[in-house]
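# Structural overview for review
Listed below are the residues making up each chain.
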Amino acid sequence: MASKFTELLKPLTIGPFTLRNGVIMSALTRSRSVPTNVPNDINLEYYVQRARGGAGLIISEGTLICHQGHVIQSVTSTQTDCSNSWIFRTEWPNAPGIWSQDQVAAWKRITDAVHAEGGLIFTQLWHLGRVCHPDAPEQKASGMPVYGPSSIAARGGKFRFLPGQPGHVTPVAVDDPRILINLYRQAAINAKEAGFDGVELHAANGYLVHQFLDSTSNKRTDVYGGSIENRARFGLEVLKELVSVWGSKRVAVRLSPTGGYNDVGMPLQENIDTFQYFISQADVLDLGYICLVRYIAAIDPKIDGMTSNASTGKLRATEHDVLKTYRPCIKKSPLFFNGGLTPEEADQLIAAKEIDAAAFGVLWIGHPDLAKRIEHGIPLDAKLDQKTFYGGGTQIPYEQQKKGYTDYPAARL
């Protein structure tokens, strides 16, 4: 029986690549690179399952470009729709990196295996900026302070693996942002050695690039702060460095213009003006794609002072229509869209030429064969165990790390 999702399942050309469909696997942090931060056999099995399951393109989980001691903001949703269901723990140890040769070699095994299944895989390059903690083991190992664009702490956060469960600290305003740009460049070089097909810059969710863009976290008075053009400079310079390593069509960027998460977000018009400028300038580079994330209520924290009570405070994000506002800014680069999409909605948006492909996140967790299920009309009916979205650290035995990660079954075709 022919699939009703004809547009979503059409092959898509991106630079030198022909994607087998527009069912993209979005970056999903899963915290399973135990016992440290080097990808392992469980990670390999996980990515092979999704390549075998028909993903048009796999974006790796956020991959750290250097040692960082990190946290995820506590956000819980009780929504029942699996495409929008989230439960976030407040720490994610064992996220993989790409700064060492051990990590490069481990990723090479994974990329080779994905390619053997006919798949394509980009890695998402990730620096958390001010939402690290100086007492976290990985941060100590880096020998570097917690950097941000300015000495302004993010509200919220809780490092439960540290004594006293502290929140975010006031970061050190990086004196010369080029030292961080150079880290991205080296990570891009390492990613090429590791066999990836390209790189996606993580410029969303209140992490480092987003912190430079946002006027509430960036109060610099040099060429990296102040005006929209200056606040956009850091991210654009990073993109240009990535392009110098990979070529434009093997470089992409992910943006979440509504903010909220990790305490970012500007007044509406300033927010729109900032992201319209950045997106327009990124598009001039003729990237492999630009991925825009629409507003997701489940990850919009309520912040009023330092409250974390889900029933008090006010929402932090600057909610607006991301697709309508920024689609006109993208003229050269393909547009990927993310944020609780259903296959039905994605197919309609592609048919209307509003987007080029759909990046699915949570649906890939419980359906390792998501693209094939969509193709063959098989229900997306996995019963997700939200407690296993993220790994539990090294105290969880290695074999048990597979639970909720590689043990969701593929459908019988």
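## Regarding the nonpolar core
One broad rule of soluble globular proteins: the nonpolar side chains tend to lie buried together. In this structure, Tyr184, Phe234, Leu239, Leu255, Leu292 and Phe360 are the most contacted members of the largest nonpolar core, which totals 89 residues. With 8 residues, helix 6 (residues 228–246) is the largest single contributor of residues to this core. Not counting chain neighbours up to four residues away, the residues in contact with Leu239 comprise Leu201, Val251, Ala252, Val253, Phe278, Ala282, Leu285 and Leu287. Of all hydrophobic cores here, the second largest spans 16 residues; its members include Ala27, Cys291, Ala357 and Ala359.

## Describing the pairing of strand 13 (residues 335–338)
Residues Leu335 and Phe337 point to one face of strand 13 and Phe336 and Asn338 to the other, with burial holding for every one of them. The pairing of strand 10 (residues 289–293) with strand 13 spans 4 bridges and is classified as parallel. Following the sheet pairing, Ile290 is matched in strand 13 by Leu335. Bridge analysis of strand 13 against strand 14 (residues 357–360) gives 3 bridges, and the strand direction is parallel. Residue pairing for strand 14: Asn338 is matched across the bridge by Ala359. With helix 9 (residues 343–351) bridging strand 13 and the parallel strand 14, this β-α-β connection has right-handed handedness.

## Describing the confidence of the model for the protein chain
In this model, the protein chain carries an average pLDDT of 90, and 91% of its residues clear a pLDDT of 70 or more. With pLDDT under 50 throughout, residues 72–91 is counted as low confidence; its partners more than four residues away or in other chains account for 67 contacts. Within the model, the stretch residues 305–312 combines pLDDT values under 50 with 8 contacts to residues more than four positions away or in other chains.

## Some points on helix 4 (residues 178–193)
In a regular helix each residue adds 1.5 Å, so 16 residues correspond to 22 Å; helix 4 covers 23 Å between its end C-alpha atoms and thus fits that length. Of all the positions in helix 4, only Leu180, Ile181, Tyr184, Ala187, Ala188, Asn190 and Ala191 are classed as buried. The inward-facing, buried residues of helix 4 abut helix 2 (101–116), strand 5 (121–126), strand 6 (147–148), strand 8 (198–202), helix 5 (208–213) and helix 6. Two residues or fewer after helix 4 comes Gly195, characterised by a positive phi angle close to 90°.

## Some details on the environment of Ala358
With respect to the element layout, Ala358 can be found in strand 14. Residues Ala358 and Phe337, spaced 21 residues apart in sequence, show a C-alpha to C-alpha distance of 5.1 Å. The contact partners of Ala358, leaving out residues within four places of it in the chain, are Leu8, Gly22, Val23, Ile24, Phe337, Leu341 and Ala346.

## Some details on the pairing of strand 5
In terms of burial, strand 5 is largely enclosed, as 6 of its 6 residues are buried. Residue alternation in strand 5 divides its side chains into two sets, Ile121, Thr123 and Leu125 and Phe122, Gln124 and Trp126, and both sets are buried. Bridge count between strand 4 (residues 57–64) and strand 5: 5 bridges; the pairing is parallel. Across the sheet, Ile58 pairs through a bridge with Ile121, a residue of strand 5. Pairing between strand 5 and strand 8: 4 bridges, direction parallel. Each bridged residue has a counterpart across the sheet, and for Thr123 the counterpart in strand 8 is Val199.

## Considerations on empty space enclosed by the protein
Taken as a whole and judged by the stated rule, the model has 4 cavities of 30 Å³ or more. The computed volume of the second largest cavity comes to approximately 100 Å³. If you trace the second largest cavity, you find it lined by Asn205, Ser256, Thr258, Gly259, Tyr261, Val293, Arg294, Tyr295, Ile296, Ile299, Asp300 and Ala317. Of the residues assigned to the lining of the second largest cavity, the class counts are 6 nonpolar, 4 polar and 2 charged.

## Overview of the pattern of salt bridges
This structure, assessed with the given rule, holds 16 salt bridges. Between Asp222 and Arg220 there is a salt bridge; the shortest N-O distance is 2.7 Å. Exposure remark for Arg220: the relative accessible area of 11% places this residue in the buried category.

Definitions and limits used
Residues numbered from 1 in each chain as written. Predicted model: local features only at pLDDT ≥ 70, side-chain atom pairs only at ≥ 80, totals over all residues. Heavy atoms only, no water. Core = buried A, V, L, I, M, F, W, Y, C linked by side-chain atoms within 4.5 Å. Buried < 20%, exposed > 50% of the residue type's maximum accessible area, 1.4 Å probe, protein only. Helix = DSSP H or I, 4+ residues; strand = E, 2+ residues; numbered from the N terminus. Contact = heavy atoms within 4.5 Å. Pairing = 2+ DSSP bridges. Right-handed = clockwise from strand over helix to strand, strands pointing away. pLDDT = per-residue confidence, 0-100. Expected span 1.5 Å × (residues − 1). 1 Å grid on protein atoms, 1.4 Å probe; cavity = no way out; pocket = protein on both sides within 12 Å on 5 of 7 lines; lining within 4 Å. Points joined across faces, edges and corners; volume = space filled by probe spheres on them. Nonpolar A, V, L, I, M, F, W, Y, C, P; charged D, E, K, R; others polar. Salt bridge = Lys/Arg side-chain N within 4 Å of Asp/Glu carboxyl O.

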